[in-house]
Structure formats: structure tokens, C-alpha cells
Amino acid sequence: MAAASWTDVRSWILERNPDLTDLAPDTDIIETRVINSLQFVELVLYVEELRGAMLQSDEVTLDAFRTLEDIDKNFLS
């Protein structure tokens with residue numbers, strides 16, 4: 001199986017936001033409200049699934065999840 005990357009997370013977000021046609025890797029998904037608070041929790045769980053490991057509570061910060069690039073750098077690379 002190929003390693004997970006930000007493109008997996010982008011696909012996950014686009015599936016949940018049908019009005020969104022694309023999402024750049026440097027878009028601030030928090031500031032632009034691409035994901036809401038409930039989706040944020042689901043996103044954390046999805047990233048854990050992609051990693052195959054739970055995240056530590058101190059790893060789960062808004063800045064760590066701010067962009068697809070941040071998610072990739074902090075959790076998938």
C-alpha cells in the first residue's frame with residue numbers, strides 16, 4: 001500500500017464539501033472554514049487511520065492541521 005499523503009486528506013475533505021471543487025495544499029482550511037468543528041474531530045480520526053497510529057493530545061493543534069501541507073508535514077511524512 002502506498003504511503004498516505006495530503007492528497008488523501010484533500011479527497012476526504014472534498015467528499016464532505018460538495019460545493020468545493022478543488023483545494024490547494026496551502027489553503028488555510030481552518031481560517032476559510034473549509035472544515036467545521038465537527039469535521040475537525042473527524043479529520044483527526046481520519047489522519048490517525050491514515051497513519052495507523054493514534055495522535056497524542058499535544059499533537060492535535062489547529063496549527064498542525066491548518067493546511068494540507070501542514071497535515072502532511074506533521075503527520076504523514
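Residue positions are given per chain, counted from 1 along the sequence in the order it is written. Reporting in this predicted model follows two pLDDT cut-offs: at least 70 for local features of residues, and 80 or more for side-chain atom pairs to be given and counted; totals over whole chains, interfaces and linings ignore these cut-offs and use all residues. Where side-chain values are given, they derive from all heavy atoms of the structure, hydrogens and water being excluded.

1. Examining the side chain of threonine 67
- Secondary structure elements are defined from DSSP: runs of H or I of at least 4 residues count as helices, runs of E of at least 2 residues count as strands, and each element is numbered from the N terminus. As for its placement among the helices and strands, threonine 67 is situated in the loop between helix 2 (37-51) and helix 3 (68-76).
- The buried label applies to any residue whose accessible area, calculated with a 1.4 Å probe on protein chains only, is under 20% of its type's maximum; exposed applies above 50%, and partly exposed to all values in between. Relative accessible area serves as the criterion here: at 9%, threonine 67 is assigned to the buried category.
- Threonine 67 has contacts with Pro25, Asp26, Thr27 and Asp28, leaving out every residue within four places of it along the chain. Between two residues, a contact is recorded if the distance between any of their heavy atoms is within 4.5 Å.

2. Remarks on helix 3
- For helix 3, every residue scored as buried is listed here: Leu68, Asp70, Ile71, Asp72, Phe75 and Leu76.
- Of the surrounding secondary structure, the elements contacted by the buried residues of helix 3 are helix 1 (6-16) and helix 2.

3. Notes on the nonpolar core
- Among buried residues, the Ala, Val, Leu, Ile, Met, Phe, Trp, Tyr and Cys ones that are joined through side-chain atoms within 4.5 Å form a nonpolar core. The biggest cluster of nonpolar side chains holds 20 residues, and the ones touching the most others in it are Ile13, Ile29, Leu43, Phe65, Ile71 and Phe75.
- Of all the secondary-structure elements, those providing two or more residues to this core are helix 1, helix 2 and helix 3.
- Top contributing element to this core by residue count: helix 2, with 5 residues.
- In contact with isoleucine 13, not counting residues within four places along its chain, are Leu20, Leu23, Ile29, Val34, Ile35 and Leu68.

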